[in-house]
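# Reading the structure
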Amino acid sequence: MTSRPPYDQLVGELREGGVLESVQCLLEWDQETLMPPRGAERRAEEIALLSRIIHEKKTAPRVGELLDRAAGEKDLGPDARANLREARRHYERARKLPADLVAEIARTRSLACEAWKAARRANDFPKFAPWLEKTFHLAREKASRLGWKDSPYDALLEEHEPGMTTARLVSLFGELRKGLVPLVKAIAGSRRRPDRNLLSGKFPAAHQEEFARRVATDLGLDFSGARLDRSAHPFCMGLTPDDVRITTRYNESDCLSALFGVIHETGHALYDQGIAPELVWTPIGQPRSLGVHESQSRLWENQVGRSRAFWSHYLPLLSERFPSLSGVAHARSGRGADLDRFHFAVNQVEPSLIRTEADEVTYNLHILLRFDIERDLLAGELAVSDLPDLWRSRMASDLGVRPDTDADGVLQDIHWSIGLVAYFPTYTLGNMLAAQLHARARADIPDLEVFFARGEFRPLLDWLRDRIHRHGSRYETEELVQRAVGTRLSTAPFLDYLRAKYSPLYGIS
Ligand code: ZN
């Protein structure tokens, strides 16, 4: 009797880990959407057990043996080779982290997160400071276990953005900064201001949800394999391409924040739905990276959802659905002055304190600040106690605004409290890649905007499916980007996109 070839055995082993990860996602989704409050404690235990089993499966010596034996197999196709590459990467990373360090990080994460919530509510940074020290201490320990050559930040970055390096980020972000700071200043100096009153009114959540579902469906989201629910913080969770969950929250005095949130999460969901079915529960069935994922959400949210062409189709529908929308009562034609005023209003640039509320011009300056800080904290070149002052002065010099409280400053984001270090840059990488993909799609599909103006998004979706979605993690990011747009990741298309869009809006040259 001949046994199955090692590669087939390996894929079988890893598939079970993939199935368990889908189950874990479902438990987490439920926790954020439907679970009653008293369920929290036992849910934590359920999730902890499942994560331990998944970790054990991934690091089992048998996986290592199969990886070695499979590497010697002849006649493996390119996808099998890519699976071995990804499986090896996950295996080696997981093996380098001792179980007690993993457990300590998990414990600290839940305690630090509670401490952060309390400190933010009380605007009391010193209360959170020891937890931040501890989080970065553990992150340093983790980096040293994983190993690094040039910077400990590289070791952590690899988890969220495989293949990216700190040195490359420093160079890309330096270019970005050079382009963004003068643009923000020029816009701040302009006398033109959009009329945000156009967007005021009263908008029942049920109507907003109905409208958001319609837009998500138009964009291409297949609701026979997706759900839209409510949660405190919007997110997208792809269990498999056939079961993708997105969430949003509604503000009844704002008819657009939930809509843009749904468009953003729909962008994530379209990626998850588009991964080739034959890759499911294999290592390359995962989305490529957080940056690539964010490029999908940002492209749909900004390059599509905040475009004039998009609103020439949807403004008449919006004003029909929400007759109380001020100022656009006569916008049924979707043309002319109303459309221009509305388009300007949804593209207001206003330096502000809070990252998640930032417009697409100022947003990345918030990220660059966090990138510099976390790098210095990790390298031990910055004391936690110096953070609040540093934050204030950098916000003032970059954005011209200065937080009065730490709650609106250094305490605003959850990320560090839950141990996510070297995660923020993926947002900016996503913005950059979104602009590159958009520029290339426009070159390949000359009538792209004409389609948008008719509410037709299939040409763009098909293009993204072909260039990005279906491949999952088949290619490393560098190769995926090169194949999709013909060049490396770069800042120029994003800066060009911003200048082309905002110069006429704000009348700057
Ligand atoms: Zn996102």
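The structure this text deals with has already been given above.
Residues numbered from 1 in each chain as written. Predicted model: local features only at pLDDT ≥ 70, side-chain atom pairs only at ≥ 80, totals over all residues. Heavy atoms only, no water.

### Considerations on the overall build of the protein
Under the convention used in this document: Helix and strand labels come from DSSP, where a helix needs a run of H or I of at least four residues and a strand needs a run of E of at least two; each type is numbered from the N terminus. For a compact globule the rule gives 2.2 Å times the number of residues to the power 0.38, and the radius of gyration it is set against comes from C-alpha atoms. For the exposure calls, accessible area comes from a 1.4 Å probe over protein chains only, and a residue counts as buried if that area is under 20% of its type's maximum, exposed if over 50%, partly exposed in between. Contacts are assigned to residue pairs with any non-hydrogen atoms lying within 4.5 Å of each other. We get accessible surface area from the Shrake-Rupley algorithm with a probe of 1.4 Å; when it comes to residues, only the shown protein chains can shield them. The convention is simple: Lys and Arg are positive, Asp and Glu are negative, and His and the chain ends are not counted. Here the site of a charge means atom NZ of a Lys, CZ of an Arg, CG of an Asp or CD of a Glu.
Within the protein, the secondary structure is distributed over 20 helices and three strands. Computed over C-alpha atoms, the radius of gyration of the protein comes to 23 Å, within 12% of the 23 Å expected from 2.2 N^0.38 for 509 residues, which places it in the range of a compact globule. Here the C-alpha coordinates of the protein stretch approximately 75 × 55 × 50 Å along the principal axes. Counting every position in the protein, which comprises 509 residues, the buried fraction comes to 54%. Looking at the protein alone, contacts between residues at least 24 apart form 73% of all its contacts between residues at least 6 apart. Accessible surface, the protein: about 22800 Å² in total, of which carbon and sulfur atoms supply 51%. Once the 70 positive and 73 negative side-chain charges of the protein are each reduced to a mean point, those two points are 1 Å apart.

### A short note on the environment of Val 170
Turning to its location among the elements, Val 170 is positioned in helix 8 (residues 166-189). Under the relative-accessibility criterion, Val 170 is labelled partly exposed at 38%. C-alpha separation for the pair Val 170 and Val 346, spaced 176 residues apart in sequence, amounts to 31 Å. Setting aside anything within four residues of it in sequence, one finds Val 170 in contact with Phe 371 and Arg 375.

### Comments concerning the packing of aromatic side chains
Where we set the bar: For this analysis, a ring pair means two rings from Phe, Tyr or Trp (six-membered ring only for Trp) whose centres lie within 6.5 Å, classed as stacked if their planes differ by under 30 degrees, edge-to-face if by over 60, and tilted for the remaining angles. Whether a charge sits over a ring depends on NZ of Lys or CZ of Arg being within 6 Å of the ring centre and within 35 degrees of the ring normal.
Tallied over the full model, the rule gives 19 aromatic pairs. A ring pair is formed by Phe 173 and Phe 371, whose centres lie 5.1 Å apart and whose planes are at 80°; its orientation type is edge-to-face. Here Phe 371 lies in helix 14 (residues 363-378) and Phe 173 lies in helix 8, a separation of 198 residues in the sequence. For Phe 173, a relative accessible area of 3% translates into the label buried. Residues Phe 310 and Trp 311 carry aromatic rings whose centres are separated by 5.2 Å and whose planes lie at 80° to one another, so their mutual orientation is edge-to-face. In this structure Trp 311 comes out as buried when scored by relative accessible area, which is 0%. Ring-pair connections join several aromatic residues into one group, and the members of that group are Phe 203, Phe 211, Phe 260, Trp 300, Phe 310, Trp 311, Tyr 314, Phe 322, Phe 342, Phe 452 and Phe 457. The lysine or arginine in question, Arg 213, covers the ring of Phe 223, its NZ or CZ lying 5.4 Å from the ring centre. For the cation-ring pair, Arg 245 lies above Trp 29, with the distance from its terminal atom to the ring centre recorded as 4.4 Å.

### Overview of the packing of helix 11 (residues 290-304) against helix 16 (residues 425-444)
Here is the rule we go by: Only the stretch in contact is used when fitting a helix axis, every axis being a line fitted to C-alpha atoms; angles between N-to-C directions are given from 0 to 180 degrees. The cut-offs work like this: below 35 degrees is roughly parallel, past 145 is roughly antiparallel, 65 to 115 is roughly perpendicular, and the gaps in between are oblique. Throughout, a crossing is termed right-handed when the near helix is turned clockwise from the far one, and left-handed when it is turned anticlockwise from it by less than a right angle.
At a closest axis distance of 7 Å, the pairing of helix 11 and helix 16 adopts a crossing angle of 60°. With respect to helix 16, the axis of helix 11 lies oblique. Classified by chirality, the crossing of helix 16 by helix 11 is right-handed. From helix 11, Leu 290, Gly 291, Val 292, Glu 294, Ser 295, Gln 296, Arg 298, Leu 299 and Gln 303 reach across to helix 16, where they touch Thr 426, Tyr 427, Leu 429, Gly 430, Asn 431, Leu 433, Ala 434, Ala 435, Leu 437 and His 438.

### With respect to the sheet that holds strand 1 (residues 226-230)
Heads up, the condition is: For two strands to be treated as a pair, DSSP must find at least two bridges joining them.
On the basis of which strands lie adjacent, the open sheet formed by three strands has the order 1-3-2 and mixed pairing. For this open sheet the edge positions go to strand 1 and strand 2 (236-240), each flanked by a neighbour on one side alone. On average, each strand axis in the sheet is inclined to that of its neighbour by 20°, with strand direction left out of account. When strand 1 meets strand 3 (residues 243-248), the two strands line up parallel, connected through five bridges. The residue bridging Asp 229 from the neighbouring strand is Thr 247, located in strand 3. Against the sheet, helix 1 (residues 6-33) engages strand 1, strand 2 and strand 3, with an angle of about 145° to strand 2.

### Details of the packing of helix 16 against helix 20 (residues 492-506)
Definition in use: When residues are grouped by polarity, Ala, Val, Leu, Ile, Met, Phe, Trp, Tyr, Cys and Pro land in nonpolar, Asp, Glu, Lys and Arg in charged, and all others, Gly among them, in polar.
Where helix 16 contacts helix 20, the two axes come as close as 7 Å, and the packing angle between them is 75°. One way to sum up the angle between helix 16 and helix 20 is to call them roughly perpendicular. Here helix 16 contributes Asn 431, Met 432, Ala 435, Gln 436 and His 438 to the contact with helix 20, which in turn contributes Pro 493, Phe 494 and Tyr 497. Class assignment of the residues belonging to the contact of helix 16 with helix 20 gives a composition of five nonpolar, three polar and no charged.

### Let's talk about the coordination of the zinc ion
Note on metal sites: the ideal angle is 109.5 degrees for four tetrahedral donors, and 90 or 180 degrees for six octahedral donors. Condition: We call an atom a donor if it is N, O or S and sits within 2.8 Å of the metal, or 3.2 Å for Na, K and Ca. Water is not counted, so some sites may look partial.
In the first shell of the zinc ion, the protein supplies His 264 (NE2), His 268 (NE2) and Glu 294 (OE), at 2.1 to 2.3 Å from the metal. In primary sequence terms, the donor set of the zinc ion follows H-x3-H-x25-E. Taken together, the positions of His 268 in helix 10 (residues 257-274) and Glu 294 in helix 11 put the pair 26 residues apart, joining distant regions of the chain.

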